[in-house]
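These are the residues of each chain, in order.
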Amino acid sequence: MARTGRPRGFDPADALKSARDVFWASGYGSTSIQALVDGVGLERGSLYAAFGDKRQLYFEAVKLYWSEYEASLRLALARIPLLPALREVLIMPAQLGAVASDPHAPHGCMMGNTVAELVPQDFDATALVAESFSQFTRLTAEALRQAQDRGEVTAASSPQAQAQLLLVLAEGTALLARSGTDPKLASAAVDAAIAGLRPAK
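Residues numbered from 1 in each chain as written. Predicted model: local features only at pLDDT ≥ 70, side-chain atom pairs only at ≥ 80, totals over all residues. Heavy atoms only, no water.

Student: How should unusual backbone geometry be read in this particular structure?
Tutor: Most of the time, phi is negative for any residue but glycine, and the peptide bond is trans. Omega for the peptide link from I80 to P81 comes to 5 degrees, which places this bond in the cis form. Residue P120 is bonded to the preceding V119 through a cis peptide linkage, with omega at 5 degrees. Take P120: it is sitting in the loop between helix 6 (110–118) and helix 7 (123–149). (Helix = DSSP H or I, 4+ residues; strand = E, 2+ residues; numbered from the N terminus.)

What follows is the structure, given as structure tokens:
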């Protein structure tokens, strides 16, 4: 008789991290339930019981991805000087280009991948992405405002506009990483943007 209960020692947090990695590597549409069963290590019935259907599991995985990303962003934005820390955040997606040929490796920004696959057709996905991107610009704009006050960042444009530019750069870099763009080229683009934020001497 096939077992339908959760395995002994089941940890929902660990299972969700595993599901996130499967979705991050393959995307929503290309990830089968069997791939999730294999990647998470739960039987199909246990997977449904713990997380609902594939769509619900995907949204939980994306939320987990963003919560971890936001935590690292907040740490970076709290550092002084700001610009080197911002560079590290923006460079991260570029490094994923080096493993674009590996089907099991994470590809690009999971939030940006959600835009490509589900927005604007899926209302819940659209709302989740919009709130996440708004949070990025709110947090980043406030850090840039403080950096402007310290004289570290140019005041030639508003912190809000600068934050929006960095969001575009972050998502564009992540998209290029998915296509296998040379990480050095993406890093050079990040460096150019950071240089543009420095005040004129």
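Student: Help me understand the packing of aromatic side chains in this model?
Tutor: Two descriptors summarise a pair of aromatic rings, namely the distance from one centre to the other and the angle between the planes of the rings. Using the criterion set out here, one finds 8 aromatic pairs in the structure. Judged by centre distance (6.4 Å) and plane angle (15 degrees), the rings of Y65 and Y69 are stacked. Taken together, the residues span about one helical turn, with Y65 and Y69 both in helix 4 (residues 54–77) at a distance of 4 residues. Accessibility assignment for this pair places Y65 and Y69 in one class, buried. Taking the centre distance of 6.3 Å and the plane angle of 65 degrees together, the rings of W66 and F133 count as edge-to-face. (Phe/Tyr/Trp six-rings, centres within 6.5 Å; stacked < 30°, edge-to-face > 60°. Buried < 20%, exposed > 50% of the residue type's maximum accessible area, 1.4 Å probe, protein only.)

Student: Looking at this structure, how should I read the environment of R44?
Tutor: Following the sequence through the fold, R44 ends up in helix 3 (residues 44–51). Using a relative accessible area of 39% as the deciding quantity, one classes R44 as partly exposed. A C-alpha to C-alpha distance of 7.8 Å links R44 and Q34, two positions 10 residues apart in sequence. With residues near it in sequence (within four places) discarded, R44 still touches I33, Q34 and V37. (Contact = heavy atoms within 4.5 Å.)

Student: It is not clear to me how the packing of helix 7 against helix 8 (residues 159–178) should be interpreted in this structure. Could you clarify?
Tutor: A pair of packed helices is captured by two measures, namely the crossing angle of their axes and the spacing between those axes. For the pair helix 7 and helix 8, interaxial distance at closest approach is 8 Å and the crossing angle is 130 degrees. Between helix 7 and helix 8, the crossing angle belongs to the class labelled oblique. Here helix 7 and helix 8 pass one another in a crossing that is right-handed. Where helix 7 approaches helix 8, its residues F133, F136, T137, T140, A141, L144, R145 and Q148 are matched on the opposing element by P159, Q160, Q162, A163, Q164, L166, L167 and E171. (Axes fitted to C-alpha atoms, helices over the stretch in contact; angles between N-to-C directions. Parallel < 35°, antiparallel > 145°, perpendicular 65-115°, else oblique. Left-handed = near helix turned anticlockwise from the far one by under 90°.)

Student: Explanation requested: the pattern of salt bridges in the structure shown.
Tutor: Close approach of charged atoms lets side chains of opposite charge pair. Inspection of every chain in the model, using the stated rule, returns 12 salt bridges. Between R20 and E68 there is a salt bridge, and its shortest N-O distance comes to 2.4 Å. Remark: E68 occurs in helix 4 and R20 occurs in helix 1 (residues 12–26); sequence separation between them is 48 residues. Given the relative accessible area of 10%, R20 is considered buried. Here R145 ties to E142 by a salt bridge, and the two come within 2.6 Å at their closest N and O atoms. On the criterion of helical spacing, the pair formed by R145 and E142 is a turn pair, its members being 3 residues apart in helix 7. Note on R145: relative accessible area 36%, which makes it partly exposed. What you see here is one network of salt bridges that share partners, running through R20, D21 and E68. (Salt bridge = Lys/Arg side-chain N within 4 Å of Asp/Glu carboxyl O.)

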